[in-house]
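Understanding the architecture of this molecule
Residues per chain are reported as follows:
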Amino acid sequence: MRQKMLQPDRDIVYQQVKQALAEDIGTGDITAQLLPQEQVIKAEIITREAMVLCGKAWVEAVFAMLHPAIQLEWLAEEGQWLESPQTLACLQGPARELLSGERVALNFLQTFSATATQTKRYVSLLKGTGCSLLDTRKTLPGLRYAQKYAVVCGGGHNHRMGLFDAFLIKENHIAACGSIVAAVEKARDQQLSVLIEVEVESLEELAEVLPLKPDRIMLDNFTLEQLKQAVSMNSEYACQLEASGGINLDNLREVALTGVDFISVGAVTKSINAIDLSMRVREVIKCL
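The sections below set out a description of the structure shown in this document. Only a predicted model underlies this, so the values are computations on that prediction, with no experimental measurement involved. Residue positions are given per chain, counting from 1 as you read along its sequence in written order. The predicted nature of this model means local features are confined to residues of pLDDT at least 70 and side-chain atom pairs, given and counted, to a pLDDT of 80 or more, with totals for whole chains, interfaces and linings taken over all residues. Excluded from the side-chain calculations are hydrogens and water; all other atoms, namely the structure's heavy atoms, are used.

1. Overview of the layout of surface pockets
Grid spacing is 1 Å over the protein atoms alone, the probe is 1.4 Å, and a cavity is where that probe fits but cannot get out, while a pocket is an open set with protein on both sides within 12 Å along at least five of seven lines and lining residues have an atom within 4 Å of a point. Grid points are joined across faces, edges and corners, and a volume is the space filled by probe spheres set on the points. In this model, the largest pocket occupies a volume close to 420 Å³. Lining the largest pocket are 23 residues, with Thr136, Lys138, Ser244, Ser264 and Gly266 sitting closest to its centre. Of all elements in the fold, only β9 (216–220), β10 (240–244) and α10 (267–270) reach the threshold of two or more residues within the lining of the largest pocket. Its residues assigned to classes, the lining of the largest pocket shows five nonpolar, nine polar and nine charged. Reported here for the second largest pocket is a volume of approximately 340 Å³. Forming the walls of the second largest pocket are 15 residues, and the residues nearest its centre are Gln16, Ala20, Glu23, Phe108 and Leu143. Secondary structure counts use DSSP, requiring at least four H or I residues in a row for a helix and at least two E residues in a row for a strand, with both numbered from the N terminus. Counting residues per element, the ones that place at least two in the lining of the second largest pocket are α1 (10–25) and α3 (95–125). In terms of residue class, the lining of the second largest pocket is built from six nonpolar, six polar and three charged. Residue type decides the class: Asp, Glu, Lys and Arg count as charged, Ala, Val, Leu, Ile, Met, Phe, Trp, Tyr, Cys and Pro as nonpolar, and the leftover types, Gly among them, as polar.

Dropping the structure here:
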């Protein structure tokens, strides 16, 4: 299980925000030019639904890039569960820049908070089972790091970040290598000191893999009864077992109670609904 990310990487945040602002503003925000250059406003970011707050660093970077005079005060903490409706942040600064950054800031915040909120729903169902929730590589292109950070904010854990930091030997890898044994041996020959995981699709494949004792075995689309049998078969080998495939909020706890160590769910990053957020101007405090 990958170590939790405690703080977002500043360089990654900067690059993502820079790209998003360039995409949105392009050669200039022509609507913002309708406002007086010296106009200053106060605004609030509010939520209309319950949520886990995630993405503060991205919001801060958006407005810091647009104008150094913009002030931002958060009224909630990263990873905090919030009831609706609630004010998340208060802002003050030049109207043009605040409104130019509105959509980009909200896009980041509503997306990452959605992943964190969805993750919390899953994690809450695992309480007391001893099973941990893992994310997957089914993320939005270009936002994998951020979404995996959001999973941590929601109480989940990160699986591998990409293809470079863990082995996950699947059916096609096994076929290309010639056998499960050959694939695992080749992985070990690399001596990379990373997780070696093998995916199996049946109890027969599990029986073949267990004597090899990889770090973890992924049980793909196993029924509840098959999962229970897999846990029993693994008792003398003590490999980590991960259930994956067809798992949702309705059957998550049943799967966890079979005794598996991990459950990986792509839905926390790929099947999310953006949190209903908005930014509202509350006061014009200076206008020439």
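2. What to know about the packing of aromatic side chains
Only rings of Phe, Tyr and Trp enter the pairing, Trp through its six-membered ring, and a pair is recorded when the two centres are within 6.5 Å. The plane angle decides the type: under 30 degrees is stacked, over 60 is edge-to-face, the rest tilted. Tallied over the full model, the rule gives three aromatic pairs. For the ring pair tryptophan 58 and tyrosine 149, a centre distance of 5.6 Å and an interplane angle of 45° mean the geometry is tilted. Taken together, the residues span a long stretch of sequence, with tryptophan 58 in helix α2 (residues 56–66) and tyrosine 149 in helix α4 (residues 144–153) at a distance of 91 residues. Three exposure classes are used, based on accessible area relative to the maximum for each residue type with a 1.4 Å probe and protein chains only: buried under 20%, partly exposed in between, and exposed over 50%. The exposure class of tyrosine 149 is buried, given its relative accessible area of 5%. Consider the rings of phenylalanine 108 and phenylalanine 112, whose centres lie 5.7 Å apart with planes at 40°: the pair is tilted. Of this pair, phenylalanine 108 and phenylalanine 112 both sit in helix α3, four residues apart, which is roughly one turn of that helix. Relative accessible area serves as the criterion here: at 7%, phenylalanine 108 is assigned to the buried category.

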